[in-house]
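Here are the chains, one letter per residue:
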Amino acid sequence: MALTKTQFGYRRHPDQDRAGADIAEHAVVVVGAGPIGLSLAIDLAQRGQSVVLLDDADRIGEGSRAICFSKRSLEFWDRLGIGQRMVDKGVVWSVGKIFHGESQLYQFNLLPEEGHKRPAFINLQQFYAEAYLVDRVEELPAIDLRWRNKVTGLEPRNDGVVLTIQTPDSAYRLAAQYVVACDGARSSLRQMVGAEFAGQVFEDQFLIADVKMTAAFPTERWFWFDPPFHAGRSALLHKQPDDIWRIDLQLNRFSDPAVEKLPENVRPRIARMLGHDKFEFEWISLYKFQCRRMGKFIHGRVIFAGDAAHQVSPFGARGANSGLEDAENLAWKLDRVLRGTSPEPLLDSYHIERSAAADENIRESTRSTDFMAPNSHQEARLRKAVLSLAKETEFGKRMVNGGRLSTPSIYETPLSTADGDSWDGGPRPGASMPDAPVAGQGGEPIYLTDAFIAAGTGFTLLEFSNGAAAERPDGLGTIRIGGQGGLSDAAGLAARRYDAEPGTAYLLRPDGYVAARFRHPTRAALDAALARAAGHI
Amino acid sequence: MALSTRSNFAKPDDAFRAIVEAHHGLNDEQSADLDAALVLILANHIGDLDVLKEAIALAAQRMLSASQQQQQQQQ
Ligand SMILES: Cc1cc2nc3c(=O)[nH]c(=O)nc-3n(C[C@H](O)[C@H](O)[C@H](O)COP(=O)(O)OP(=O)(O)OC[C@H]3O[C@@H](n4cnc5c(N)ncnc54)[C@H](O)[C@@H]3O)c2cc1C
């Protein structure tokens, strides 16, 4: 941790010296420098927007929070210029094992195929991710990150918002065309706009311990139902960098948190789990989990993202990962609306796409949590049947739910152009682009996700060349596979993953989702798909 | 495919007896466990969520008519 900066200083900003009605005006203010606010600010800044980023603290919080970051999040962070740093520090994994009692029920591999730049997951303490994001923010002069700036008031206007901000000096006011609230699960901005946050609270408590030990366990996710060391409940063991291991233990509904948290009570249980007591505690915390979301993610000129908009239980690693998908979804849309290259209703698609994703994440993580902690006698009975059938049958194994890990949603969205041609595979409109290994002109191996970054930050056409020089809309980035000057797809994996033939083209949105695809695109069809994806229809 | 409620067994009595006999010697708790496993095995064999939902709805009608009857008796 020595090399990671986690403590920052408050600095007075000239905006604070403006008096009365003469307040500073900014295009975008992002509230909350957690993983979501930081990533969103970087994306916006890389698109040329100036961003004011406010956080009420002046340090990166430690403690046990997110550890599993998904392939999709890493691909997003690659676009922000910090993916490699995350992967270098993180622990790469893709295999999970599920145990029942003493025996292994089954194992899964989340990324069974080769030829992807990024692994299915890395484990990395959330504070490292945040620290690396802050380092990146500091490289970007367009982001004005103000620590110890707490938003305490919000006045909606037709064409913007006026915020009241408390600082160690005094309060000041700031006007913004748009405010993005990334202020976490207890969002005060959500309360300020008067929105509700409805959902389910799970009664079971979970004890989360991060312990330090050097151990020869494999880098896999191990999940137990009813383990010998923790009878009748579930347990999870997961490796993090720096020889830290994450342990989740399900507790009984009625256990007393104060008692459960005492190291002298936790230690023997974990010693039984690990088979030795050569470990030190870094953190012990108790959690009760909730699954809930806002009805609308957009309230006038205040847009909600991350935990402020939706909260899930952590089984499935859908919290930060889905918040990062919010950020990548919103950044390009907000940028276009601010520039006037897209009409304001483009932003509605943010709510449509990401609230449906939130529903999916809530559904998945609720099912996992319910499977771990059945709500009725009969639910427990059915779970028992599944666990015992899993020993003998394939279908039983697949019904065992020890957490379904985060994958990007497929959007049903007005921005997509429905398929007109016939396809046997490949990502359909609304799906995120799959990666594939290709080679550059000099034969150097790269990935499609690298080529996507090189093609610019706008819409991109991924073309599988058939030799013909086709007419293309202006301002479109291109990735050409095959033909003169194109990338080579020697192994044919790109063609296979996109169900491509010579002539096939995919129109990719700036967030790397498919907007439309064609066997033989015409200029008119591309223009129409582009207009639709940019919110002009 | 919709839920089939035609008689599908050549000898329905054999099927009924097979299920009854599977419960012989079991207490209520064990019987319920057996049923739970059986339901899951058969549901997977059917492998069609719409059919499963129709079957659940048909089965659940009994609970509905039982509670309606109770209400009528109370009135
Ligand atoms: C035990 C546990 C394990 C988890 N594991 C995973 C996992 O493996 N993978 C995963 O993807 N997710 C996981 N999560 C979820 C993840 O931690 C959250 O989803 C994530 O932190 C959300 O990020 P955020 O930026 O939306 O909010 P936060 O991280 O909560 O950040 C909000 C920021 O806003 C600031 N703020 C709040 N109010 C104001 C205000 N009024 N003015 C200014 N600033 C303000 C706060 O100081 C804070 O910095 C886990 C969570 C827990 C508790």
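Along each chain, residue indices are assigned from 1 in the same order as the chain's sequence is written. Note on labels: chains are lettered from A, ligands numbered from 1, in written order. Local features in a predicted model are, by the rule used here, given only for residues with pLDDT of at least 70; side-chain atom pairs are given and counted only at 80 or more, and totals for whole chains, interfaces and linings are based on all residues. Heavy atoms from the whole structure form the basis of all side-chain values; hydrogens and water molecules are not counted.

**Q** Can you help me understand the side chain of Glu-130 of chain A in this one?
**A** Here a strand is any run of E in DSSP of at least two residues, a helix any run of H or I of at least four, and the numbering for each starts at the N terminus. One can find Glu-130 of chain A in helix α4 (residues 126-139). Whether two residues touch is decided by their heavy atoms; if any such pair falls within 4.5 Å, the residues are in contact. In contact with Glu-130 of chain A, not counting residues within four places along its chain, are Ala-33, Gly-34, Pro-35, Leu-38 and Ile-60 of chain A.

**Q** Can you help me understand the UniProt feature "domain: FAD-binding" (unreviewed entry) in chain A in this one?
**A** UniProt positions are given in the numbering used here, feature names are shortened, and annotations may be inferred rather than shown by experiment. Those residues carrying the UniProt feature "domain: FAD-binding" (unreviewed entry) are residues 27-364 of chain A in this numbering. Secondary structure within residues 27-364 of chain A divides into 30% helix and 35% strand; the distance between the first and last C-alpha atoms comes to 36 Å.

**Q** Quick question: what am I supposed to make of the nonpolar core here?
**A** When a protein is soluble and globular, its nonpolar side chains tend to lie buried together. Residue and element names in this part refer to chain A. The nonpolar core is taken to be a set of buried Ala, Val, Leu, Ile, Met, Phe, Trp, Tyr and Cys residues, with the residues joined through side-chain atoms within 4.5 Å. Only protein chains enter the accessibility calculation, which uses a 1.4 Å probe. A residue is then buried if its area is under 20% of the maximum for its type, exposed if over 50%, and partly exposed in between. Membership of the largest hydrophobic core comes to 92 residues, with the highest contact counts inside it found for Trp-77, Met-86 and Leu-163. An automatic or database domain assignment is the source of the domain bounds shown. Taken domain by domain, the makeup of this core includes at least three residues from each of domain 1 (23-91 + 114-198 + 291-344) and domain 3 (437-533). Ignoring any residue separated from it by four or fewer positions in sequence, one finds Met-86 in contact with Leu-74, Trp-77, Ile-122, Leu-124, Ala-129, Tyr-132 and Leu-133. The next biggest cluster of nonpolar side chains, apart from the first, holds 35 residues, and it includes Ile-67, Phe-315, Ala-385 and Ala-390.

**Q** Can you walk me through the state of the cysteines in this structure?
**A** All names here are of chain A. Cysteine sulfur atoms that come within 2.5 Å of each other are treated as a disulfide pair. One pass over the full model with this rule turns up zero disulfides over all chains. Cys-68 provides the cysteine sulfur closest to Cys-291, a residue in no disulfide bond, and the two sulfurs are 16 Å apart. Owing to a relative accessible area of 3%, Cys-291 belongs among the buried residues under this scheme.

**Q** Whenever I open this one, the site of the ligand confuses me. Can you help?
**A** Residue and element names in this part refer to chain A. Near residues are defined by distance, with any heavy atom within 4 Å of the molecule or strand qualifying the residue. Around the ligand, the structure places 31 residues, and the nearest of them are Asp-55, Asp-56, Gln-126, Asp-307 and Asn-321. We call two N or O atoms a polar contact when they sit within 3.5 Å, provided that within protein one can donate a hydrogen and the other can accept it, with sequence-adjacent residues counted only if both atoms are side-chain atoms. Contact between the ligand and Asp-55: an oxygen atom at 2.7 Å from a side-chain N or O atom of the residue. Here Ala-317 contributes a backbone N or O atom positioned 3.5 Å from an oxygen atom of the ligand. In short, Shrake-Rupley with a 1.4 Å probe defines the accessible areas, and a residue's cover is counted only from the protein chains shown. For the ligand, the protein covers 88% of the area, taking 1,000 Å² as the surface of the free molecule. Among the elements of the structure, α1 (35-46), β2 (51-55), β9 (150-157) and α8 (319-339) are those that each provide at least two residues to the shell around the ligand. Top element by residues in the shell around the ligand is α8. It accounts for three residues.

**Q** Can you walk me through the sheet that holds strand β14 (residues 234-240) of chain A in this structure?
**A** Within a sheet, neighbouring strands are paired by backbone hydrogen bonds and run either parallel or antiparallel to one another. Residue and element names in this part refer to chain A. Strands are treated as partners if at least two bridges between them are detected by DSSP. One open sheet accounts for eight strands, arranged β6-β5-β13-β14-β15-β12-β16-β19; its pairing is mixed. Taken across any chain shown, the strands that pair with only one partner, and hence form the sheet edges, are β6 (103-109) and β19 (310-311). Whenever a helix is involved, its axis is fitted only over the stretch in contact; in every case the axis is a line through C-alpha atoms, and angles between N-to-C directions fall within 0 to 180 degrees. On the sheet, helix α9 (residues 348-372) packs against β12 (198-212), β13 (221-225), β14, β15 (244-250), β16 (280-293) and β19 and is oriented at approximately 120° with respect to β16.

**Q** It is not clear to me how the interface of chain B and chain A should be interpreted in this structure. Could you clarify?
**A** Frequently, the measure chosen for interface size is the accessible area that the parts lose on association. If you look at the interface, chain B gives eight residues, while chain A gives nine residues. Summed over both partners, buried area is the accessible surface (1.4 Å probe) that two parts give up on being assembled. Around 810 Å² of area is buried between chain B and chain A when both sides are counted, 69% of it from carbon and sulfur atoms. By the criterion of area lost to chain A, the three top residues of chain B are Asp-33, Leu-40 and Asn-44 of chain B, representing 53% of everything that side buries. Any Lys or Arg side-chain nitrogen located within 4 Å of an Asp or Glu carboxyl oxygen qualifies as a salt bridge. In this assembly, chain B and chain A are joined by three salt bridges. We note a salt bridge from Asp-33 of chain B to Lys-384 of chain A, for which the minimum N-O separation is 2.6 Å.

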